Amino acid sequence: MNCISDFFTYETTKSVVVKSWTIGVINRAVQLLIISYFVGWVFLHEKAYQVRDTAIESSVVTKVKGFGRYANRVMDVSDYVTPPQGTSVFVIITKMIVTENQMQGFCPESEEKFHCVTDSQCRPGRFASGGILTGRCVNLSSQQRSCEVRGWCPTEVDTVERPVMMEAENFTIFIKNSIRFPLFNFEKGNLPPELTASDMKTCRFHPDRAPFCPILRVGDVVSFAGQDFAKLASTGGVLGIKIGWVCDLDRAEDQCVPRYSFTRLDSVSEKSRVSPGYNFRFAKYYKTENGSEYRTLMKAFGIRFDVLVYGNPGARLRPQGTVLCDIILLNFLKGADQYKAKKFERVNESTLKGANPACPLDQATEEKQSTDSGAYSIGH
């Protein structure tokens, strides 16, 4: 029974109150400085009294709409958006260099650095942009010879100038973003609850006039990122659409709203002379009636959009158990005055001056040392 009684105990630190003007003034001055620092900087400015959750869970769904005209064709979403799944990273193609009817075979390499005069300049087995060199120097035109390659023929000529699909400036991007903060079990989406189907047809995002509209005009996104559409569409580039969820969860839920910002993510490559902008190649494959395979190769220039979601919510810290126990123990339980008398021992300067050096403080009650933590506890 004694072991059980000793186990179910509560220990609290014992404080000694010293009545001294010198120590008291220094103590209160230091406390005032600390309180001013915490209230002014830590609490009000940095909000460090809150727990932060940076493990944001997010899903992004995108959808592009609009029609364009390119190479005497009307282009829809299936023609100019890749990949087609509506992910957080997608490309709107604004310019293409098309090489049609390529078939496997032998043909001269079109790239200038493989121009030749004799076979000795075409070392077999080397890789060229259009295939593998055979070691032969063949006619490219009536005036020019070039190394022969084995691969998809005719080889691509990507030095030609092609126009830009300017209609892409008015295409729209719909973004649906859902987030969850697992620490607080808090979920939210970027679609305002008051948004209607009619609003979806007419609203366009603007940081001041319509900051929560989920439909963004491509030309506006380019402008918000500080870029020129015609130049960007010609060379290609990568833009970031950043959605920030920095929320104070101690406030009402409707005050936790997304904040959009825009930037160019490949600004370094923009200045490069070797590989400026953004482009990629893809092909569409076909078969003739006799089963021979051929393809159309496309070198695409476009604007890649990366939708980046981040969050940093905060909620007020909960009081620690020790602090809560002390508040209850010293203020609300029966016998609180007796607990205070044991916890706080008052000593003034006159008591200290007249105290016996061998026994500095007269103990009014019997105390015993706790065996588990070294703190003083109230005994029976």
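1. A short note on the overall build of the protein chain
If you tally the helices and strands in the protein chain, you get 10 helices and 20 strands. Relative to its full complement of 380 residues, the protein chain shows a buried share of 32%. The long-range fraction of contacts in the protein chain, counting pairs at least 24 apart against all pairs at least 6 apart in sequence, stands at 67%.

2. Observations concerning the packing of aromatic side chains
Taken as a whole, this structure holds 11 aromatic pairs when the rule is applied. With a centroid separation of 5.9 Å and an interplanar angle of 50°, the aromatic rings of Tyr278 and Phe280 are classed as tilted. Counting every residue linked through ring pairs, the aromatic cluster contains Phe205, Phe224, Tyr260 and Phe262. Here Lys95 stacks its cationic end above the ring of Phe301, 4.4 Å away from the centre of that ring.

3. Here's the deal with the state of the cysteines
As enumerated under the stated definition, the model contains five disulfides in all. Each sulfur of the disulfide joining Cys107 and Cys153 lies 2.1 Å from the other. Classification of the bridge connecting Cys107 and Cys153 rests on its S-S torsion, roughly -80°, and on that basis the disulfide is left-handed. Here Cys153 lies in strand β9 (residues 145-153) and Cys107 lies in strand β7 (residues 89-108), a separation of 46 residues in the sequence.

4. So, the pattern of salt bridges
A complete count under the given rule lists 11 salt bridges for this structure. In this structure, the salt-bridge partner of Arg136 is Glu148, at a minimum N-O distance of 3.5 Å. Highlighted residues: Arg136 in strand β8 (residues 131-139) and Glu148 in strand β9, separated in sequence by 12 residues. Taking relative accessible area as the criterion, Arg136 reaches 46% and is therefore assigned partly exposed. Residues participating in the shared-partner salt-bridge network are Glu156, Asp158, Arg281 and Lys299.

Calculation criteria
- Residues numbered from 1 in each chain as written.
- Predicted model: local features only at pLDDT ≥ 70, side-chain atom pairs only at ≥ 80, totals over all residues.
- Heavy atoms only, no water.
- Helix = DSSP H or I, 4+ residues; strand = E, 2+ residues; numbered from the N terminus.
- Buried < 20%, exposed > 50% of the residue type's maximum accessible area, 1.4 Å probe, protein only.
- Contact = heavy atoms within 4.5 Å.
- Phe/Tyr/Trp six-rings, centres within 6.5 Å; stacked < 30°, edge-to-face > 60°.
- Lys NZ or Arg CZ within 6 Å of the ring centre and 35° of its normal.
- Disulfide = S-S within 2.5 Å.
- Salt bridge = Lys/Arg side-chain N within 4 Å of Asp/Glu carboxyl O.

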